[in-house]
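Coordinate analysis (summary)
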Amino acid sequence: TQLLEQSPQFLSIQEGENLTVYCNSSSVFSSLQWYRQEPGEGPVLLVTVVTGGEVKKLKRLTFQFGDARKDSSLHITAAQPGDTGLYLCAGAKWPHKLSFGAGTTVTVRA
Amino acid sequence: DTAVSQTPKYLVTQMGNDKSIKCEQNLGHDTMYWYKQDSKKFLKIMFSYNNKELIINETVPNRFSPKSPDKAHLNLHINSLELGDSAVYFCASSQDPQVNTEAFFGQGTRLTVV
């Protein structure tokens with residue numbers, strides 16, 4: 001069983017549309033991280049959220065950490081083909097454990 | 001300079017063989033990890049080392065033996081390879097003891113057991 005459930009598993013949208021990816025768990029994490037992985041590469045960190053209720057913005061990407069620190073969402077506004085990739089959420093727990101969700105494959109069509 | 005480098009990038013081998021994957025990080029991090037990514041892209045932690053000491057072993061078969069000669073290196077040796085071991089293996093590192101800091105990943109090693 002996975003500690004973190006991501007939904008949807010696949011998302012295909014037209015350029016300019018908005019999208020939201022969800023990451024849910026029954027566990028509490030000290031922080032939640034979002035990564036993006038391109039084919040043939042390792043995941044690269046987008047953001048870390050630490051405080052319950054925290055909202056972080058990175059240009060067109062908005063990340064939210066749930067009040068209870070168990071879930072998170074990633075919202076992309078006006079998606080572009082360059083946003084295509086595998087988006088992974090990861091929950092951090094002591095000691096030194098980063099557990100990943102199954103990922104959401106996002107395809108943005110031009 | 002590559003922050004986390006692992007070799008080889010591709011590895012094709014027959015069942016029953018023994019193989020090793022090497023990983024080195026030049027970030028000065030204290031914590032290193034091995035992850036396995038299956039065909040469905042699920043990234044599962046295998047091992048975590050902190051300052052050369054094993055911290056996490058996620059019920060990985062004992063055919064998998066990590067070795068950390070120093071805190072900049074974490075190698076993975078696999079004995080008696082099985083078909084189900086085929087996957088992409090990622091090495092990663094992060095600053096210790098801050099669990100909330102970023103994990104830096106290598107480019108992965110695609111292992112194919114035939």
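Everything that follows concerns the structure shown earlier in this document.
All residue numbers refer to position in the chain's written sequence, counted from 1. Here the convention is simple: chains get letters from A, ligands get numbers from 1, in the order in which they are written. With the structure being a predicted model, the display of local features is reserved for residues of pLDDT at least 70 and the display and counting of side-chain atom pairs for 80 or more, all residues being used for whole-chain, interface and lining totals. Processing note: side-chain calculations cover all non-hydrogen atoms of the structure and skip hydrogens and water entirely.

1. Comments concerning the overall build of chain B
The criterion, for reference: Secondary structure follows DSSP: runs of H or I at least 4 residues long count as helices, runs of E at least 2 residues long count as strands, and numbering of each begins at the N terminus. All radius of gyration figures rest on C-alpha atoms, and the globule criterion is 2.2 Å times the number of residues raised to 0.38. Think of it in three bands: with a 1.4 Å probe and only protein chains considered, a residue is buried below 20% of the maximum accessible area for its type, exposed above 50%, and partly exposed in between. Whether two residues touch is decided by their heavy atoms; if any such pair falls within 4.5 Å, the residues are in contact. Within this scheme the basic residues Lys and Arg register as positive and the acidic residues Asp and Glu register as negative, but His and the chain ends are omitted. The atom standing in for a charge is NZ when the residue is Lys, CZ when it is Arg, CG when it is Asp and CD when it is Glu.
Looking only at helices and strands, chain B features zero helices and 11 strands. Taking 13 Å as the expected radius of gyration for a compact globule of 114 residues, we find that chain B reaches 13 Å, a close match to that expectation. Overall, the C-alpha framework of chain B stretches about 40 × 30 × 25 Å when taken along its three principal axes. Taken across its 114 residues, chain B has 46% of its residues classed as buried. Taking the intrachain contacts of chain B between residues at least 6 apart in sequence as the baseline, contacts between residues at least 24 apart amount to 54%. Distance from the positive charge centre (12 side chains) to the negative charge centre (12 side chains) of chain B: 7 Å.

2. A closer look at the pattern of salt bridges
Any two side chains of opposite charge can pair, on the condition that their charged atoms come close. Residues and elements named next belong to chain B. The following threshold applies: When a carboxyl oxygen of Asp or Glu is within 4 Å of a side-chain nitrogen of Lys or Arg, the pair counts as a salt bridge.
Throughout the structure, instances matching the rule amount to six salt bridges over all chains. We note a salt bridge from Asp30 to Lys71, for which the minimum N-O separation is 2.6 Å. In this pair, Asp30 sits in the loop between β3 (19-25) and β4 (31-37) while Lys71 sits in the loop between β7 (64-70) and β8 (73-78), placing the two residues 41 residues apart along the sequence. A relative accessible area of 14% means that Asp30 is categorised as buried. Arg63 serves as the salt-bridge partner of Glu82, at 3.4 Å between the closest nitrogen and oxygen. Highlighted residues: Glu82 in the loop between β8 and β9 (87-94) and Arg63 in the loop between β6 (53-57) and β7, separated in sequence by 19 residues.

3. Regarding the packing of aromatic side chains
Residues and elements named next belong to chain B. To keep things clear, this is the line we draw: Each Phe, Tyr or Trp ring (for Trp, its six-membered ring) is paired with any other whose centre lies within 6.5 Å, and the angle between the two planes then decides the class: stacked below 30 degrees, edge-to-face above 60, tilted in between.
Scanning the model with the defined rule gives nine aromatic pairs over all chains in all. On the numbers, 6.3 Å between centres and 35 degrees between planes, the contact of Phe64 with Tyr89 is tilted. Taken as a pair, Phe64 in strand β7 and Tyr89 in strand β9 lie far apart in primary sequence, 25 residues in all. Residue class for Phe64 comes out buried when judged on its relative accessible area of 6%. An angle of 80 degrees between the planes, with centres 6.3 Å apart, marks the rings of Phe90 and Phe105 as edge-to-face. Of this pair, Phe90 sits in strand β9 while Phe105 sits in strand β10 (residues 104-105), and the two are 15 residues apart along the sequence. Accessibility classification places Phe90 together with Phe105 in one group, the buried group.

Read these as layout, nothing more, since geometry by itself doesn't imply function.
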